[in-house]
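Results of the structural survey
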Amino acid sequence: MSPKLTDLCQYPIVQAPMAGGGSCPALAAAVSEAGGLGFLAAGYKTADGMYQEIKQLRGLTNQPFGVNVFMPQPEYADAAAVSVYASQLAGEAAWYETQLGDPDSGRDDGYDAKLAVLLDEPVPVVTFTFGCPSREVFDSLARAGTLTAVTVTTPQEAEAAQQAGADALCVQGVEAGGHQGTHRDNPETDGAGIGLLALIARIREAVQLPIIAAGGLMRGAQLAAVLAAGADAGQFGTAFLVCPESGAHALHKQAMTNPLFVRTELTRAFSGRPARGLVNRFMREHGPYAPAAYPEVHHMTSTLRKAAAKAGDAQGMALWAGQGHRLARELPAGQLVEVLAAELAEAKDALCSEGAA
């Protein structure tokens with residue numbers, strides 16, 4: 001890992017910030033205590049909610065950790081398309097005996113307030129998703145002693161992040177579970193995502209920043225592969241989602257290896273932005289008609305997703321998962337870090353042995 005990141009964790013293993021409940025203080029603490037880098041997800045929380053989780057995490061570990069923040073979204077959603085989609089979801093609301101959420105519940109996710117907290121109470125690492133902050137933001141966080149990274153999905157986004165002053169990149173391949181962290185949501189590029197290994201190679205040639213590789217990683221041997229391709233660390237999301245410390249819903253955890261859910265797809269059905277999840281009834285029925293409207297669709301379906309979870313109906317939930325979900329192992333998070341580290345060492349030894357033969 002790069003000199004700036006080396007001091008943060010013993011192993012090049014980063015726990016992905018999974019907004020919506022998966023990431024929580026208990027999970028982040030367990031990962032950091034075991035030698036990885038744990039993360040909290042500030043997305044969909046208030047600034048105070050984020051601060052309370054940071055305080056709780058600091059009570060569980062004195063090891064470094066990170067916080068992920070969503071960038072504010074521009075207003076370009078088609079209001080008419082959102083209204084049509086709301087009409088289509090009326091049957092879901094009736095079925096779950098609830099109301100659709102308000103699509104106009106906010107676009108900035110409390111961005112300014114969260115930045116203020118993170119500058120007043122600095123954390124070791126802050127990462128950004130769905131865009132790139134200004135140089136002023138990066139400079140302010142640097143003065144506070146915080147390392148920064150930006151999620152990127154193309155070489156162009158990586159170049160923009162380097163120019164703005166980011167310390168590192170989270171390079172997200174199309175295999176990744178959850179939302180694609182594109183800086184601009186362009187429906188014309190749906191399905192055009194780049195695989196992780198190819199993306200690492202292209203970005204490594206375009207910029208000089210350290211790379212945290214994300215997308216479908218479930219085993220230490222895969223981590224060895226992305227390190228060999230030019231990454232400095234690997235980020236694991238789905239792998240940690242099933243750990244007992246994860247805050248993910250029990251049905252979500254069970255679905256990772258449930259034979260009823262055989263594949264993943266990118267869909268706009270739940271949020272209006274491309275996100276990879278297990279294919280279920282809701283995705284099949286509504287995905288083809290969901291508009292490019294984030295966070296309007298996210299707000300609108302939030303009540304449906306909560307009602308489905310309460311009813312024990314995984315077919316109506318957003319079951320975010322990476323392409324490697326069937327490789328999930330229900331281990332305590334600290335033990336999973338140790339297993340991944342051992343697998344990484346074994347893979348490296350195998351490569352050295354082959355090279356010496």
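What this report covers is the structure whose coordinates are included nearby.

Scoring rules and cut-offs
Residues numbered from 1 in each chain as written. Predicted model: local features only at pLDDT ≥ 70, side-chain atom pairs only at ≥ 80, totals over all residues. Heavy atoms only, no water. Pairing = 2+ DSSP bridges. Helix = DSSP H or I, 4+ residues; strand = E, 2+ residues; numbered from the N terminus. Buried < 20%, exposed > 50% of the residue type's maximum accessible area, 1.4 Å probe, protein only. Core = buried A, V, L, I, M, F, W, Y, C linked by side-chain atoms within 4.5 Å. Contact = heavy atoms within 4.5 Å. Polar contact = N/O pair within 3.5 Å; in protein donor to acceptor, adjacent residues only side chain to side chain. 1 Å grid on protein atoms, 1.4 Å probe; cavity = no way out; pocket = protein on both sides within 12 Å on 5 of 7 lines; lining within 4 Å. Points joined across faces, edges and corners; volume = space filled by probe spheres on them. Nonpolar A, V, L, I, M, F, W, Y, C, P; charged D, E, K, R; others polar. Axes fitted to C-alpha atoms, helices over the stretch in contact; angles between N-to-C directions. Parallel < 35°, antiparallel > 145°, perpendicular 65-115°, else oblique. Left-handed = near helix turned anticlockwise from the far one by under 90°. Arc of directions from axis to C-beta.

The next subject is the sheet that holds strand S11 (residues 275-278). Hydrogen bonding along the main chain pairs the strands of a sheet, whether they run parallel or antiparallel. On the basis of which strands lie adjacent, the open sheet formed by 3 strands has the order S7-S11-S10 and antiparallel pairing. Only two strands of the sheet have a single neighbouring strand rather than two, namely strand S7 (178-179) and strand S10 (264-267). When S7 meets S11, the two strands line up antiparallel, connected through 2 bridges. If you follow histidine 179 over to S11, its bridge partner there is alanine 275.

Let us look at the environment of valine 242. Mapped onto the secondary structure, valine 242 falls in the loop between helix H11 (238-241) and helix H12 (250-255). Valine 242 gets classed as buried once you look at its relative accessible area, which sits at 6%. For the pair valine 242 and alanine 347, spaced 105 residues apart in sequence, the C-alpha to C-alpha distance is 24 Å.

Here we come to the nonpolar core. Note that soluble globular proteins tend to have their nonpolar side chains buried in a common cluster. Ranked by size, the top nonpolar core spans 83 residues in total, and within it Val67, Phe128, Leu169, Val171, Ile203 and Phe240 carry the most contacts. In this view, phenylalanine 240 contacts Ile13, Val14, Gln15, Met18, Leu27, Val31, Ser246, Ala333, Leu336, Val337 and Leu340; residues no more than four positions away in its chain are not counted. With 18 residues, the next largest nonpolar core counts Leu89, Ala93, Val279 and Val297 among its residues.

Attention now moves to the side chain of arginine 107. Its place among the elements puts arginine 107 in the loop between helix H5 (90-95) and helix H6 (111-120). There is a polar contact of 2.2 Å between the side chain of arginine 107 and the side chain of glutamate 296. Apart from residues lying up to four places away in sequence, arginine 107 is in contact with Pro72, Gln73, Pro74, Glu75, Tyr76, Tyr294, Pro295 and Glu296.

Each pocket or cavity is described by its volume, and for the second largest pocket that value is around 330 Å³. Tallied by class, residues from the lining of the second largest pocket come to 5 nonpolar, 10 polar and 4 charged.

This part is about the sheet that holds strand S9 (residues 233-236). Read from one edge to the other, the open sheet built from 8 strands follows the order S1-S9-S8-S6-S5-S4-S3-S2, with strand pairing classed as parallel. Only two strands of the sheet have a single partner each, and these edge strands are strand S1 (13-15) and strand S2 (38-41). The average undirected angle you get between the axes of adjacent strands in this sheet is 25°. In the sheet, strand S6 (residues 168-172) pairs with strand S8 (residues 211-214) via 4 bridges, with the strands oriented parallel.

A complete count under the given rule lists 2 cavities of 30 Å³ or more for this structure. Lining the largest cavity, in full, are Leu5, Leu37, Phe39, Val125, Thr127, Leu147, Thr148, Ala149, Ala168 and Ile212. Top element by residues in the lining of the largest cavity is strand S5 (residues 147-152). It accounts for 3 residues. Residues of the lining of the largest cavity, tallied by class, amount to 8 nonpolar, 2 polar and no charged.

Looking now at the packing of helix H4 (residues 79-88) against helix H14 (residues 296-310). Axes are the key here: two packed helices are described by the angle between their axes and the distance separating the axes. Interhelical geometry of H4 versus H14 gives an angle of 20° and a closest axis separation of 11 Å. Taken together, H4 and H14 sit at an angle that is classed as roughly parallel. When the axes of H4 and H14 are compared, the crossing they make is right-handed. Of the residues in H14, those touching H4 at Val82, Tyr85 and Ala86 are Glu296, Val297 and Met300.

Turning next to helix H7 (residues 135-143). Within the sequence span of H7, burial applies to Val137, Phe138, Ser140 and Leu141. Along the long axis of H7, the arc covered by the buried residues comes to 160°, so they all point the same way. In H7, the exposed positions that point more than 90 degrees away from the buried face belong to Glu136 and Arg143. In this fold, the buried residues of H7 make contact with H6, strand S4 (125-129), S5 and helix H8 (155-164). Glycine 145 lies just past H7 and shows a positive phi near 85°.

Moving on, we get to the packing of helix H2 (residues 25-33) against helix H3 (residues 47-60). Between H2 and H3, whose axes approach to 9 Å, the crossing angle comes to 40°. One way to sum up the angle between H2 and H3 is to call them oblique. Every pair of crossing elements has a handedness; the one defined by H2 and H3 is right-handed. Here H2 contributes Pro25, Ala26, Ala28, Ala29 and Glu33 to the contact with H3, which in turn contributes Glu53, Gln56, Leu57 and Leu60. Among the residues making up the contact of H2 with H3, the classes are represented as 6 nonpolar, 1 polar and 2 charged.

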